[in-house]
Each structure stands twice: as structure tokens, then as C-alpha cells.
Amino acid sequence: MTPTELLLDRASCKSYTSEPLLPDEARLIVQAGQAAPSGMNRQPTAFLAVLDPAIRDRLSRLNAAVLQTKTDPFYGAPAVFAVLADPSASTYLYDGSLAAGQMLLQANALGLGSCWIHRAREVFETEEGKSILKQAGLPEDYEGIGFVIAGHPATKPAVKKKTSLTGWLV
Ligand SMILES: Cc1cc2nc3c(=O)[nH]c(=O)nc-3n(C[C@H](O)[C@H](O)[C@H](O)COP(=O)(O)O)c2cc1C
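Residues numbered from 1 in each chain as written. Predicted model: local features only at pLDDT ≥ 70, side-chain atom pairs only at ≥ 80, totals over all residues. Heavy atoms only, no water.

- In the annotation of an unreviewed UniProt entry, the chain is listed under the name Oxygen-insensitive NAD(P)H nitroreductase and assigned to Faecalibaculum rodentium.
- Regarding the chain, the relevant UniProt record gives this comment under Sequence similarities (unreviewed entry): "Belongs to the nitroreductase family." (UniProt positions renumbered as here; feature names shortened; annotations may be inferred.)

Written out as C-alpha cells, the structure reads:
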């Protein structure tokens, strides 16, 4: 697929096989997030890459608790990335969201499924969430922006029709 086709082909994947990600695949996904533009190039983002099944499951439980459900909000995906950002940077929310977007696209380029999963802010406001950040050597006062889950699709998701308003002045 050409790069343009890859951009247009992305779709959120909500079912995964248990096949783990290779460390190199995980690194390339994080690199795509790090490569994102940021306001004044402050790069206020931080990335947590979780391939360890026990920690992945703890994050899943914390996320499910926010939703008040017992089902896995990560749809069985073996790899979970969290994008966080320093809220003292005025553009932190935009910077973090853009980084997550690039990670979703990189996963697609690698032939993997991916999806943005919400509630990262609430998860990393909890003591357990902060302790996971501490264990990874990340600042505990950064705000969770979003989770990017990735893995091998159990079924390839269909690309949805997009109808956002567009005004053309040519
Ligand atoms: C900010 C944001 C939050 C989202 N949160 C969730 C979520 O918590 N759980 C989920 O299954 N999908 C979540 N999604 C994925 C959307 O459901 C998905 O992007 C949307 O349905 C469009 O489908 P597409 O990504 O295949 O184009 C989120 C997407 C965004 C951008």
C-alpha cells in the first residue's frame, strides 16, 4: 500500500488475537508518537509502552473501573501504550492527541490493528496508575491523554465512511 492508501485505510480494531507485538514493532509505534509535531516543539508528551501482560491487565482493570464494567476495555489487545503530557504546556492536549494519532497510523503501516481507548486521565489520577508511571520512570504529575492499543486483528476492521464537513474555496 502507498502511504496515502495507508492513511485512508486505518480503522479502529476491536478484536485481537493473543499474538504479542515484537519489541521492534512497539518501538516503531512509540517513535511515531515521539515524531509528532508539538506547540513550539516543547514535546510535552511522555509514552508508556506496556507489553508485560500483568501490567497490561492492571491498566485494563483500572480503565474498566472508570467505566464501571468488568469487561476488558482493551479488547484483548496484547500491547497497550499510554500517551501522557505535561499539563503546564499550553498545547499539551493537542500535542498528546496528535502523537496518539500518529501511533495509530504507524500500527496500521506495520500491518497491526489499533484503537484509541479513552479514560487515560482518570486511570493516571489513581494511586495505582501513578505507581505504574513511577515504576516506568515517568513523571506522576503528567496527565493521561489516551491509550493506544495494538495487536494482530482477529478480524480486520472495515474502514468507516467519513462525512466531516469540508468547505472548499478554490
Ligand atoms: C478521543 C477518542 C476516544 C475514543 N475512545 C474509545 C474508547 O474508549 N473505546 C473504544 O472502543 N473506542 C474508542 N475510540 C475509537 C472510536 O470509537 C473510533 O475512532 C470511531 O468509532 C471511528 O472509527 P474508526 O477509528 O474506525 O474510523 C475513541 C476514539 C477517539 C478519537
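Still more ground to cover, so stick around.
Comments concerning the overall build of the chain
- Within the chain, the regular secondary structure consists of six helices and four strands.
- Mapped in sequence order, the helices and strands of the chain form the string α-α-β-α-β-α-β-α-α-β.
- Taking the principal axes of the C-alpha coordinates as reference, the chain spans close to 50 × 40 × 30 Å.
- For the chain, restricting intrachain contacts to residue pairs at least 6 apart in sequence, the fraction spanning at least 24 positions comes to 83%.
- Summing over all exposed atoms, the chain offers an accessible surface of approximately 9,600 Å²; the carbon and sulfur share of this is 57%. (Helix = DSSP H or I, 4+ residues; strand = E, 2+ residues; numbered from the N terminus. Contact = heavy atoms within 4.5 Å. Areas by Shrake-Rupley, 256 points an atom, 1.4 Å probe, with all protein chains shown as cover.)

Things to note about the UniProt feature "domain: Nitroreductase" (unreviewed entry) in the chain
- The UniProt feature table records "domain: Nitroreductase" (unreviewed entry) at residues 9–152.
- Counting secondary structure, residues 9–152 comes out at 41% helix and 19% strand; the distance between its end C-alpha atoms is 16 Å.

Brief notes about the sheet that holds strand β3 (residues 113–117)
- The four strands lie next to each other as β1-β2-β4-β3, forming an open sheet whose pairing is antiparallel. Single-partner strands in this sheet number two, and they are β1 (45–50) and β3. Strand after strand, the sheet turns through a mean of 20° between neighbouring axes, direction not considered.
- For β3 and strand β4 (residues 143–151), the ladder comprises five bridges, and the chain directions are antiparallel. (Pairing = 2+ DSSP bridges. Axes fitted to C-alpha atoms, helices over the stretch in contact; angles between N-to-C directions.)

Notes on helix α6 (residues 127–135)
- All buried positions along α6 are accounted for by Gly 129, Ile 132 and Leu 133. The buried residues of α6 occupy an angular sector of 100° when the element is viewed end-on, so they sit on one face. Those residues of α6 that are exposed and aimed more than 90 degrees away from the buried face are Glu 127, Lys 134 and Gln 135.
- Once α6 finishes, Gly 137 follows within two positions and takes phi at roughly 80°, a positive value. (Buried < 20%, exposed > 50% of the residue type's maximum accessible area, 1.4 Å probe, protein only. Arc of directions from axis to C-beta.)

Quick notes on the environment of Pro 53
- Summarising the element assignment, Pro 53 is placed in helix α3 (residues 53–67).
- Relative accessible area serves as the criterion here: at 55%, Pro 53 is assigned to the exposed category.
- Put simply, Pro 53 and Leu 169 are 116 residues apart on the chain and 50 Å apart in space, counted from C-alpha to C-alpha.

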